[in-house]
Amino acid sequence: MVDEMRSEKGSCNLLTSFDNLFNLKDISDFRGEIIQLLRPLSSSISSDNSFSFQGQILRFYDEFLERSYLSTIVEETEDIVTMFDLDLKLLTANRAFVKAVWKHDITEVVGKTHEEIYSPHIDMETVKQYSSDEALAQTLPKGNFIERERNIIYPDGVEKSFHSRKFPLFNLEDQVIATATIARDISSLKLIQRELKESENKYRYLFQNASDKIFLLKIRDDGLPGRFVEVNNAACRSLGYSRKEFLSMALRDIEGITGPPNMEKIMKILRKKGRTTFEADHVRKDGSGINVEISAHLFHLEGEPLMLCISRDISERKEREVLSHNYQRQLQGLSYRVTYLEEKTRRSIAHQLHDNIGQDLILSKLRLEMARKGLSDPETCSHLDEAFRNLENAISYVRDITFELSPPVLYELGFSAAVEWLGEKLEKQSGIKISCQFKNIPSEMPDDIKAFLFRAVRELLTNVIKHAEATVADVSATVIKGDLRVSVRDNGKGIRRLSDHEYSEKDYSFGLFSLREQARTLGGFLSIGRNRNGGARVSISLPLALGKREP
């Protein structure tokens, strides 16, 4: 082809210009320049031959450019690329290989065997394996390769891992002419894998040796927990199933006789918050039950939704709670009995004071008044007057004690009248304006409720006077759905809020604790809050239907 080109007029200038193309800095203009240079041949070469000649030149260029790009990629890659001939001598290699064998230039290793290249840096056993693989690769059919992973200890003591792929190269007659190797330093990858393995082993150890039972469950298509994916040793020991048995079971297989918790509600919370805690009953393989508290977490692993359950045995805690509840009921019963006996004693003492001592004092006063009328001696009259005043004080004192212990008005006229009398009395003593409002209050109510509510109102109004710094207090009572609700409000400084539903009882009175417990004993409750315009509000609600209960 070159001789034909030189026989044509002007072809020498064409070849000279063609040679200069390789000096172009911008290789993207290479193809365009060739086309421009070939145009003068159009007049000296027939049309068919001209197109054929131009096509061959352009195909040559395309192949050259493709090989140039591939050569650049191979040279610049961080992977090691080598080519050995059939005599196991290096034909060529890229920069990564030259650097890996502690050389500066490719000429230092071309034409050498593995033993000559690596000695004395690499142990000979590894080098022999390299040579053996080269020989083996020469026997492989087209399209096959040898894949290896090897660890190499460098002279500085650093150990590196390499993954290599070795394959034969064929000529146009499908004859093996060399072997090629592409190797990659996977030391960092191996380190990451090792760290991941160590981390996996650590967390697996923690998983398997945790004292709490741990379950991992699939989420069914309907959004509810399905089969077990994994369980730890504590779960197997506690429930008596082997891991193999567990993996063939679902959560419903260990649910207690009381039935499962509301899983739809639990899963709704899980999907919203990602975690929640609930209580459930599980059944062991032997049929015995166990109370558990489950901390559930929802997450995705490789795109699959899973539910992690950490289960803690709370059977002992439940037993303690039952005992505590029983003790509390016993204490409440004892408290009610003490309160009942106290009220009974109060009424008895008040009755004795009113009917005996009070009556005797009144009679004595009347007799002194009669005796005073028949006397004229000033000194004697003076002594009688003093005795008369003492009797009046004693009568007033006995009356006050009687009302403090058990006001007769409470049992004679009822709860409303007793509270109004109490309000008038405390208003005179404190100067605080006290108003009372009653609605639908029954004329008859159980004595234990009537006595407790009266004492509660007296305690609350006393607290207002002592602590609230108020000028106005209001007592209201009404019946709502069979419950009698009594409230005491004031316009004072209020009660410090601890949370959305809790207030500091210390800011008001320690007696609130006693009132709260007594209200519980009677089947009711005590609530504390704030008024819209400031001040405190304390309400007590009791069921009227309980009636009087004799201890």
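So, here is what we can say about the structure in this document.

Thresholds, definitions, all that
Residues numbered from 1 in each chain as written. Predicted model: local features only at pLDDT ≥ 70, side-chain atom pairs only at ≥ 80, totals over all residues. Heavy atoms only, no water. Pairing = 2+ DSSP bridges. Helix = DSSP H or I, 4+ residues; strand = E, 2+ residues; numbered from the N terminus. Axes fitted to C-alpha atoms, helices over the stretch in contact; angles between N-to-C directions. Contact = heavy atoms within 4.5 Å. Parallel < 35°, antiparallel > 145°, perpendicular 65-115°, else oblique. Left-handed = near helix turned anticlockwise from the far one by under 90°. Nonpolar A, V, L, I, M, F, W, Y, C, P; charged D, E, K, R; others polar. Patch = residues over 30% accessible without salt bridge, like charges linked within 9 Å, V, L, I, M, F, W, Y side chains within 5 Å. Areas by Shrake-Rupley, 256 points an atom, 1.4 Å probe, with all protein chains shown as cover. Salt bridge = Lys/Arg side-chain N within 4 Å of Asp/Glu carboxyl O. Buried < 20%, exposed > 50% of the residue type's maximum accessible area, 1.4 Å probe, protein only.

### Overview of the sheet that holds strand β5 (residues 176-185)
- The five strands are arranged β2-β1-β5-β4-β3 in an open sheet whose pairing can be described as antiparallel. The open sheet has two edge strands, β2 (90-93) and β3 (146-153), and neither has a second partner. Neighbour-to-neighbour, the strand axes of the sheet open up by a mean angle of 25°, direction not taken into account.
- Pairing of strand β1 (residues 80-84) with β5 involves five bridges; the strand directions are antiparallel. When the sheet's bridge partners are listed, I80 is paired in β5 with A183.
- Where helix α7 (residues 124-137) meets the sheet, it contacts β1, β3, β4 (159-170) and β5, and its direction lies at approximately 165° from that of β3.
- Here helix α8 (residues 187-209) sits on the sheet and contacts β3, β4 and β5; the angle it forms with β4, its principal contact strand, is near 130°.

### Quick notes on the environment of T181
- Here T181 is to be found in strand β5.
- Distance in space between the C-alpha atoms of T181 and D79 is 10.0 Å, their sequence separation being 102 residues.
- Apart from the residues within four sequence positions on either side, T181 is in contact with I80, V81, T82, E134, S164, R165 and K166.

### Section: the sheet that holds strand β12 (residues 472-480)
- Taken in spatial order, the five strands make up an open sheet running β11-β12-β13-β15-β14, and their pairing is mixed. One side of each edge strand has no neighbouring strand; the edge strands of this open sheet are β11 (433-439) and β14 (525-530). Neighbour-to-neighbour, the strand axes of this sheet turn through a mean angle of 15°, independent of strand direction.
- As paired elements, strand β13 (residues 483-490) and strand β15 (residues 536-543) share seven bridges and run antiparallel to each other.

### Quick word on the packing of helix α15 (residues 415-430) against helix α16 (residues 447-468)
- Where α15 contacts α16, the axes come no closer than 11 Å and their chain directions differ by 20°. Between α15 and α16, the angle is such that the two are roughly parallel. The two elements α15 and α16 meet at a crossing, and its hand is right-handed. For the pair formed by α15 and α16, the contact residues are F415, A418, V419, W421, L422, L426 and S430 on the first element and K450, L453, F454, V457, R458, L461 and I465 on the second.
- Classifying every residue of the contact of α15 with α16 gives eleven nonpolar, one polar and two charged.

### What to know about a nonpolar patch on the surface
- A cluster of nonpolar side chains, contributed by Y203, Y205 and L206, occupies part of the molecular surface with about 370 Å² of accessible area.
- Assignment of secondary structure puts L206 in helix α8.

### Details of the pattern of salt bridges
- All chains considered together, the criterion is met by 22 salt bridges.
- With a closest N to O distance of 4.0 Å, R320 and E316 form a salt bridge. Placement of the pair is R320 and E316 together in helix α12 (residues 315-373), with a separation of four residues, close to one helical turn.
- The shortest N-O distance in the salt bridge between R317 and E321 comes to 3.5 Å. Of the two residues, R317 and E321 both sit in helix α12, four residues apart, roughly one turn of that helix.
- On the accessibility criterion, E321 (36% relative accessible area) is partly exposed.

On their own, these measurements won't tell you what the molecule is for.
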